[in-house]
Amino acid sequence: MFRRREAVPFAFVAEADRFRSNVTPPPPERPSASQIFGRSLVGLTVVAGLVGSLMFGLPALDPQNSPGKAQQSEAAQGR
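Because the structure is a prediction, the values reported are computed rather than measured.

**Student:** Where do I start with the overall build of the chain in this structure?
**Tutor:** Looking only at helices and strands, the chain features 3 helices and 0 strands. Counting from the amino terminus, the chain carries its helices and strands in the arrangement α-α-α. Looking at the chain as shown, the accessible area adds up to about 8600 Å², and 62% of this sits on carbon and sulfur atoms.

In structure tokens:
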């Protein structure tokens, strides 16, 4: 009932380690000035977003400004 799997020859893996090609890959293309400008603009936008979120988020996390037990609602003051 059980099928026996055929053994897979892994000789090609061992041969791949020894194989060295004499063909060199082409050099990578240099990005153009507009690509460099676009990438830097995206990076600056991400950094500006993070800085802006910190500027608006940190005052909200300040414990001195958070409502504590000292503040009471108007309904609680009328009791």
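**Student:** Is there a simple way to explain a nonpolar patch on the surface in this structure?
**Tutor:** A grouping of V47, V51, M55 and F56 is seen on the molecular surface, where their side chains present a nonpolar patch of about 460 Å² in accessible area. Residue position: V51 is located in helix 2 (residues 33–61). Classification of V51 by relative accessible area gives partly exposed; the value is 41%.

Calculation notes
Each residue is numbered by its place in its chain's sequence as written, counting from 1. Thresholds applied to this predicted model are a pLDDT of at least 70 for local features of residues and 80 or more for the giving and counting of side-chain atom pairs; totals over whole chains, interfaces and linings are not thresholded and use all residues. The basis for every side-chain value is the complete set of heavy atoms in the structure, and neither hydrogens nor water enter the calculation. Each helix is a run of DSSP H or I of at least 4 residues and each strand a run of E of at least 2, with the numbering of both proceeding from the N terminus. Using a 1.4 Å probe, accessible areas were evaluated by the Shrake-Rupley method; residue-level cover was limited to the displayed protein chains. Without a salt bridge and with relative accessible area above 30%, a residue can belong to a patch; like charges are then joined within 9 Å and nonpolar side chains (Val, Leu, Ile, Met, Phe, Trp, Tyr) within 5 Å. Salt-bridge detection follows one rule: a side-chain nitrogen of Lys or Arg within 4 Å of a carboxyl oxygen of Asp or Glu. The classification of residues rests on relative accessible area computed with a 1.4 Å probe and restricted to protein chains. Under 20% of the type maximum is buried, over 50% is exposed, and intermediate values are partly exposed.

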